[in-house]
Amino acid sequence: MRPEPHAASGPTLKERLTERMESLGALSVMTGQVFSRAVRPPYDVAGLIYQTESLGVRSMPIALLTATFAGLVISLQFGYFLARFGVQYTVGRVVILTLFRELAPVLTALTVGARIGSGIAAELGSMTVTEQVDAIRALGADPLRKLVVPRVFACLIVMPVLTVFSDVVGLIGGALVVRSQYGISLDQFFQGAMDAVLMGDFVSGVIKGAVFGLIIGLVGCFKGLAVEGGTEGVGRATTQTVAITSVSVCLSDFFITKITLYF
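Predicted model, so just to flag it, every value in this text is computed and none were measured.

**Q** I'd like to hear about the overall build of the protein chain, residue by residue, with values.
**A** Secondary structure summary: the protein chain contains nine helices and zero strands in total. Written out in order from the N terminus, the α and β elements of the protein chain read α-α-α-α-α-α-α-α-α. Once the C-alpha set of the protein chain is aligned to its principal axes, its extents read approximately 75 × 65 × 30 Å. Here the protein chain, with 263 residues, has 40% of them falling under the buried criterion. When the accessible surface of the protein chain is split by element, carbon and sulfur atoms take 67% of a total near 14,300 Å².

Here you go:
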């Protein structure tokens, strides 16, 4: 008796790598197309304002809440360890540098970015599977100009602004917890913080926020427009967007830190 053939196996490693490289190439092409359309009139100012409000203002509570607890935790931790060496009065310097350069932009991108990116992917994915994107093409309009450009540039604007707000709120939260736990006055905390921080420290975090926003917007739009398989595909695209943006933010953070370390 002839043995039954085995069930077909999944894609090989080579096929997966090829698929990933093709997706990366398609994303690069879309990025170039987005910027080329963005610099040519007509400009969709109304769409940009709407997306900025939708993605930014509604993300403010989660960004500020995350920044508040980040400031509380790092102030509590650094205050405890610095107290071992009798230099707890320097906690403001450590907190402001940590927030400005690293925690505020990265935590904002990971928390708010997950919300924004998944929302964009779900919205555009639903439009793709219901053939609304095809209808836009049939009417002679450009889906990239109408759907992608406002969302990408809204993310580019929103993330640095949220990063700045996170800096301020995290610093205030850190000052309050240090005052209550270690008896360090607010004047001493903020004076030490202002003496240590440079403009380059602040600019470094804002640059990171802008780059993270660009990554989140591009990945969310790309995954949304590439949805296949109906509503199930929308769910996959949303999950993949969160995973890809999180990894991309952490990876790009290393290289941006390396570049801006000497600002």
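Additional details are given in the paragraphs that follow.
**Q** Now, about the pattern of salt bridges: what can you tell me, with residues and values included?
**A** Counted under the stated rule, the structure contains nine salt bridges. Residue Arg37 pairs with Asp142 through a salt bridge whose shortest N-O separation is 2.3 Å. Here Arg37 is found in helix H1 (residues 13-38), whereas its partner Asp142 is found in the loop between helix H5 (132-138) and helix H6 (143-182), with 105 residues between them in sequence. Relative accessible area serves as the criterion here: at 25%, Asp142 is assigned to the partly exposed category.

**Q** Tell me about empty space enclosed by the protein, residues and numbers included.
**A** Taken as a whole and assessed by the stated rule, the structure comprises one cavity of 30 Å³ or more. Put simply, the largest cavity is a space of about 30 Å³. Thr66, Ala67, Ala70, Leu99, Leu103, Ala104, Leu107, Thr108 and Ser166 are the residues that line the largest cavity. Mapped by element, the contributors of at least two residues to the lining of the largest cavity are helix H3 (60-84) and helix H4 (91-129). The element best represented in the lining of the largest cavity is H4, accounting for five residues.

**Q** Could you give an account of the layout of surface pockets, naming the residues involved and the relevant values?
**A** Estimates place the volume of the largest pocket at around 810 Å³. In terms of lining residues, the largest pocket is bounded by 21 residues, among which Ser23, Leu24, Phe222, Lys223 and Ile244 are the most central. At the level of secondary structure, the elements contributing two or more residues to the lining of the largest pocket comprise H1, helix H8 (199-225) and helix H9 (230-260). By residue number, the principal contributor to the lining of the largest pocket is H1, which donates seven residues. Within the lining of the largest pocket, the residues separate by chemical class into eleven nonpolar, five polar and five charged.

**Q** Can you explain the environment of Ile96? Please cite residues and give values.
**A** Tracing the backbone shows Ile96 in helix H4. The exposure class of Ile96 is buried, given its relative accessible area of 0%. Note: C-alpha distance between Ile96 and Leu64 (32 residues apart in sequence) is 16 Å. Apart from the residues within four sequence positions on either side, Ile96 is in contact with Leu171, Ala193, Met194 and Val197.

**Q** Explain unusual backbone geometry to me, and be specific about the residues and the numbers.
**A** Looking along the chain, the bond that leaves Pro41 and enters Pro42 is cis, with omega of 5°. Note on placement: Pro42 falls in the loop between H1 and helix H2 (45-55). The backbone phi angle of Glu131 is positive, close to 65°, even though this residue is not glycine.

Cut-offs used in this document
- Residues numbered from 1 in each chain as written.
- Predicted model: local features only at pLDDT ≥ 70, side-chain atom pairs only at ≥ 80, totals over all residues.
- Heavy atoms only, no water.
- Helix = DSSP H or I, 4+ residues; strand = E, 2+ residues; numbered from the N terminus.
- Buried < 20%, exposed > 50% of the residue type's maximum accessible area, 1.4 Å probe, protein only.
- Areas by Shrake-Rupley, 256 points an atom, 1.4 Å probe, with all protein chains shown as cover.
- Salt bridge = Lys/Arg side-chain N within 4 Å of Asp/Glu carboxyl O.
- 1 Å grid on protein atoms, 1.4 Å probe; cavity = no way out; pocket = protein on both sides within 12 Å on 5 of 7 lines; lining within 4 Å.
- Points joined across faces, edges and corners; volume = space filled by probe spheres on them.
- Nonpolar A, V, L, I, M, F, W, Y, C, P; charged D, E, K, R; others polar.
- Contact = heavy atoms within 4.5 Å.

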